[in-house]
Amino acid sequence: MSEPLKPAPYIRPKGEPRFPGGPAADPAGSHHERRIRSFQPRRSRVTTGQAEALERLWPQWGTDIDGLRTLDLDAMFDGLPVVLEIGFGMGEATAQMAADDPATGILATDVHTPGQGNLLRLAEQNGLSNIRVANGDAIILLREMLKPDSLTGLRVYFPDPWPKARHHKRRLIQPEFLDLAATRLAPGAVLHCATDWEPYAGQMLEVLTAHPDFVNTQEDGGYAPRPEFRPLTRFEGQGLDKGHVVQDLLFRRR
Ligand SMILES: C[S@@+](CC[C@H](N)C(=O)[O-])C[C@H]1O[C@@H](n2cnc3c(N)ncnc32)[C@H](O)[C@@H]1O
């Protein structure tokens, strides 16, 4: 007896979203290619609940980072001051901060599809209208889609540490990133970084201290005590379990 024929698997054309109506596969595509990326493209499993949230909630609360438009943050957030969070992971800490401070809008960006679905669900379940989720490379968002002086804060919590020396060029917190970030932050706005990777903490402190547009909020020029408003993040919890020491850095744009 011959085997029953299996239907041919559907091969999604490049750029077609995995979830109809949801985030695009590679929103900036080739027109804004960045050769060195601070993230690793991952094909992670998306749960049914996350997929449902991506398809249903993305059209209203999601934005693809296509690098082709300037975002009107005032219209998106009904005039709230807006903080950009780069790399929210699964989004639990983001949702907590949005709930704790409804007077601030959070533009939360990541490339991680399960996390985008998770954060949309958390926002809906908790009635958080001050979160928008951006899909794609935060560098393109900053460079191409945000107006100068448009952010009241920038949060980078536990960015990928890229521990191998040959990967250090992928680390987000570098002088060129700070040049760009400084132009998008309003004067006086705070850049808040946290990491559990000691050598990266040292690098952050060094490049931030040396940058002419930023000044340390700590008079002694060192790390900051962990601010109460920053919840424990998922990645941080994993670091603490391994005995890592967490450092916060808070620098103000001059
Ligand atoms: C190590 S995880 C930390 C996630 C979360 N902040 C936490 O503490 O649990 C870093 C996240 O940053 C995201 N990321 C790295 N570079 C990015 C970029 N250029 N634009 C947007 N997201 C980025 C990664 O996809 C990843 O989800």
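Owing to the predicted nature of the structure, the values given are computational and were not obtained by experimental measurement. (Residues numbered from 1 in each chain as written. Predicted model: local features only at pLDDT ≥ 70, side-chain atom pairs only at ≥ 80, totals over all residues.)

Draft legend 1. Spatial organisation of the UniProt feature "binding site: S-adenosyl-L-methionine" (unreviewed entry) in the protein. As annotated in UniProt, the feature "binding site: S-adenosyl-L-methionine" (unreviewed entry) corresponds to Glu85, Asp110, Asp137 and Asp160 in the numbering used here. Taken together, the annotated residues stretch across 76 residues yet fold into one region, lying no more than 14.0 Å apart by C-alpha. Locating Asp137 in the fold gives a position in the loop between strand 4 (131-135) and helix 5 (138-145). By secondary structure assignment, the location of Asp160 is in the loop between strand 5 (151-157) and helix 6 (175-184). When residues no more than four places from it in sequence are discounted, the contact partners of Asp160 are Ser38 and Phe39. (UniProt positions renumbered as here; feature names shortened; annotations may be inferred. Helix = DSSP H or I, 4+ residues; strand = E, 2+ residues; numbered from the N terminus. Contact = placed C-beta atoms within 7 Å.)

Draft legend 2. Region of interest: the sheet that holds strand 3 (residues 105-110). The strand order across the open sheet built from eight strands is 1-4-3-2-5-6-8-7, with neighbouring strands paired in mixed fashion. If you trace the sheet from one side to the other, it starts and ends with strand 1 (62-64) and strand 7 (214-216), each paired once. Ignoring strand direction, the axes of neighbouring strands in this sheet form an average angle of 25 degrees. Bridging between strand 2 (residues 82-86) and strand 3 involves five bridges; their strand directions are parallel. Residue pairing for strand 3: Ile86 is matched across the bridge by Thr109. (Pairing = 2+ DSSP bridges. Axes fitted to C-alpha atoms, helices over the stretch in contact; angles between N-to-C directions.)

Draft legend 3. Quick peek at the site of the ligand. In the vicinity of the ligand there are 22 residues, among which Gly87, Gly89, Ala138, Thr233 and Phe235 approach most closely. For the shell around the ligand, the elements supplying multiple residues, two or more each, are strand 3, helix 5 and helix 8 (234-241). Of all the elements, helix 8 adds the most residues to the shell around the ligand, at three residues. Here the residues of the shell around the ligand sort into eleven nonpolar, six polar and five charged. (Near = placed C-beta within 6 Å. Nonpolar A, V, L, I, M, F, W, Y, C, P; charged D, E, K, R; others polar.)

Draft legend 4. View of helix 3 (residues 92-100). Every buried residue of helix 3 is accounted for by Ala93, Thr94, Ala95, Met97 and Ala98. Each element contacted by the buried residues of helix 3 is listed here: strand 2, strand 3, helix 4 (113-125), strand 4 and strand 5. (Buried ≥ 20, exposed ≤ 12 C-beta atoms within 10 Å, placed from the backbone.)

Draft legend 5. The arrangement of the environment of Ile106 in detail. Mapped onto the fold, Ile106 is located in strand 3. Taking the C-alpha atoms as reference points, Ile106 and Arg253, separated by 147 residues in sequence, lie 19 Å from one another. Ignoring sequence-local partners within four residues, the contact set of Ile106 consists of Val83, Glu85, Thr94, Met97, Ala98, Asn130 and Ile131.

Draft legend 6. Representation of the UniProt feature "binding site: substrate" (unreviewed entry) in the protein in the model. Residues annotated by UniProt as "binding site: substrate" (unreviewed entry) correspond here to Lys164, Asp196, Thr233, Arg234, Phe235 and Glu236. Spanning 73 residues, the named residues are also spread out in space, since their farthest C-alpha pair is 23.4 Å apart. Checked against the element boundaries, Lys164 lands in the loop between strand 5 and helix 6. For Lys164, a count of 8 C-beta atoms within 10 Å translates into the label exposed. As for its position among the elements, Phe235 is in helix 8. Residue classification places Phe235 among the buried positions, given that 20 C-beta atoms sit within 10 Å. In contact with Phe235, other than residues within four places in its own chain, are Gly89 and Phe158.

Draft legend 7. Structural context of the pairing of strand 6 (residues 185-195). Judged from the six bridges that link them, strand 5 and strand 6 form a sheet pairing that is parallel. Looking at the pairing, Leu154 lines up with Leu191 of strand 6. Regarding the hand of the β-α-β motif, the stretch spanning strand 5, helix 6 and strand 6 is right-handed. In terms of strand pairing, strand 6 meets strand 8 (residues 247-253) through six bridges, oriented antiparallel. Note on strand 8: the bridge partner recorded for Thr195 is Gln247. (Right-handed = clockwise from strand over helix to strand, strands pointing away.)

Draft legend 8. Representation of the packing of helix 3 against helix 4 within the structure. Between helix 3 and helix 4, the least distance of the axes is 9 Å, while the angle of their chain directions is 30 degrees. By the angle class used here, helix 3 and helix 4 are roughly parallel. Crossing handedness for the pair helix 3 and helix 4: right-handed. In this structure, helix 3 contributes Glu92, Thr94 and Ala95 to the contact, and helix 4 contributes Leu119, Leu122 and Ala123. Among the residues making up the contact of helix 3 with helix 4, the classes are represented as four nonpolar, one polar and one charged. (Parallel < 35°, antiparallel > 145°, perpendicular 65-115°, else oblique. Left-handed = near helix turned anticlockwise from the far one by under 90°.)

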